[in-house]
Amino acid sequence: MELSEAMRTTGAVRAFTSDPVPPEVLHRVLDDARFAPSGGNQQGWHVTLVRDPALRRRLADMSARTWERYLAEQAAGFRAFNPLDPAPPDVEVPEGLRPHPMLEAIEDVPEVLLVTVDLRTLAVMDRDLDRFSIIGGASLYPFVQNLLLAARNQGLGGVVTTFLAASEPEAGPLVGLPEGHAIAALVGLGTPVHQVSRLRRHPVEAFTTVDRVDGPAFTLDA
Ligand SMILES: Cc1cc2nc3c(=O)[nH]c(=O)nc-3n(C[C@H](O)[C@H](O)[C@H](O)COP(=O)(O)O)c2cc1C
């Protein structure tokens, strides 16, 4: 698949057909994804293929608690899980919240990949700033996006979920997470029930400026 086409059509896929992912295809996806960049080329990621249905269910149930919290914070008018404007801990959880499609059917997802990272491999340039740190994830999530792009190239789709990170103290021992490692994502992969052809994203002019963050928009219309 042509790169631009792949980048423009790799949307979040949360519902999969029952087609299995052949091992050689999964291997190829991982083999392409491993060319992701990371700070100092440390490649601190680890992928655990979660195949035990009971383990999947436990991880999905933990994730679902955070999904409910996410929806509750949204329903209360907050940007869910935002570090700058956090919702109060006692935010009301409304009745009848919609289940998350991938978590609800976790046993049927063709492949579930738990992506973890060795925190000792990270160089976090903003760690000493008096604000929320973002740089560490930049050595990990390019790999995760590469997984999705490589999957798309194989006619597969997937979604990055991060709910499980909130339950790391509980989930870690179930998966043998070593000390100093962190849960980054639980990724479902399989054949999409629907292939997305149009993704909704902001245009270039909405996020690109010249010389200053508040400078004039970069546009071809001048
Ligand atoms: C870092 C990151 C975390 C995400 N976490 C979740 C998640 O926990 N659950 C989920 O369903 N989707 C998650 N997503 C998928 C986003 O919701 C999705 O990329 C976004 O809504 C755009 O969807 P689209 O590509 O289908 O347009 C995550 C995506 C990223 C990049």
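Small disclaimer: the values here were computed from a predicted structure and weren't measured.

1. With respect to the UniProt feature "domain: Nitroreductase" (unreviewed entry) in the chain
Sites flagged by UniProt as "domain: Nitroreductase" (unreviewed entry) map to residues 12-190. Secondary structure content for residues 12-190 is 33% helix and 16% strand, while the C-alpha to C-alpha distance between its ends is 12 Å.

2. Remarks on the pairing of strand β3 (residues 157-161)
Looking along a regular strand, one sees side chains alternate from face to face of the sheet. Taking burial as the measure, the five residues of β3 include four buried ones, the bulk of the element. Pairing between β3 and strand β4 (residues 181-190): five bridges, direction antiparallel. Considered in β4, the bridge of T161 is made with L186.

3. Thoughts on the packing of helix α2 (residues 23-33) against helix α5 (residues 141-153)
Contact geometry of α2 with α5 gives a least axis separation of 8 Å together with a crossing angle of 135°. Comparing the axis directions of α2 and α5 gives the class oblique. Crossing of α2 against α5: the hand is right-handed. Taken together, the residues of α5 that come into contact with α2 (itself represented by V29, L30, D32 and A33) are F143, N146, L147, A150, A151 and N153.

4. Thoughts on the site of the ligand
Lining the immediate surroundings of the ligand are G11, A12, R14, H100, V159, V160, T161, T162, F163, L199 and R201. Within the backbone of A12, an N or O atom sits 3.0 Å from an oxygen atom of the ligand. At 2.7 Å from an oxygen atom of the ligand is found a side-chain nitrogen or oxygen belonging to R201. Protein chains shield 59% of the accessible area of the ligand, which is 630 Å² for the free molecule. The residue makeup of the shell around the ligand, split by class, is five nonpolar, four polar and two charged.

The rules behind these values
Residues numbered from 1 in each chain as written. Predicted model: local features only at pLDDT ≥ 70, side-chain atom pairs only at ≥ 80, totals over all residues. Heavy atoms only, no water. UniProt positions renumbered as here; feature names shortened; annotations may be inferred. Helix = DSSP H or I, 4+ residues; strand = E, 2+ residues; numbered from the N terminus. Buried < 20%, exposed > 50% of the residue type's maximum accessible area, 1.4 Å probe, protein only. Pairing = 2+ DSSP bridges. Axes fitted to C-alpha atoms, helices over the stretch in contact; angles between N-to-C directions. Parallel < 35°, antiparallel > 145°, perpendicular 65-115°, else oblique. Left-handed = near helix turned anticlockwise from the far one by under 90°. Contact = heavy atoms within 4.5 Å. Near = heavy atom within 4 Å. Polar contact = N/O pair within 3.5 Å; in protein donor to acceptor, adjacent residues only side chain to side chain. Areas by Shrake-Rupley, 256 points an atom, 1.4 Å probe, with all protein chains shown as cover. Nonpolar A, V, L, I, M, F, W, Y, C, P; charged D, E, K, R; others polar.

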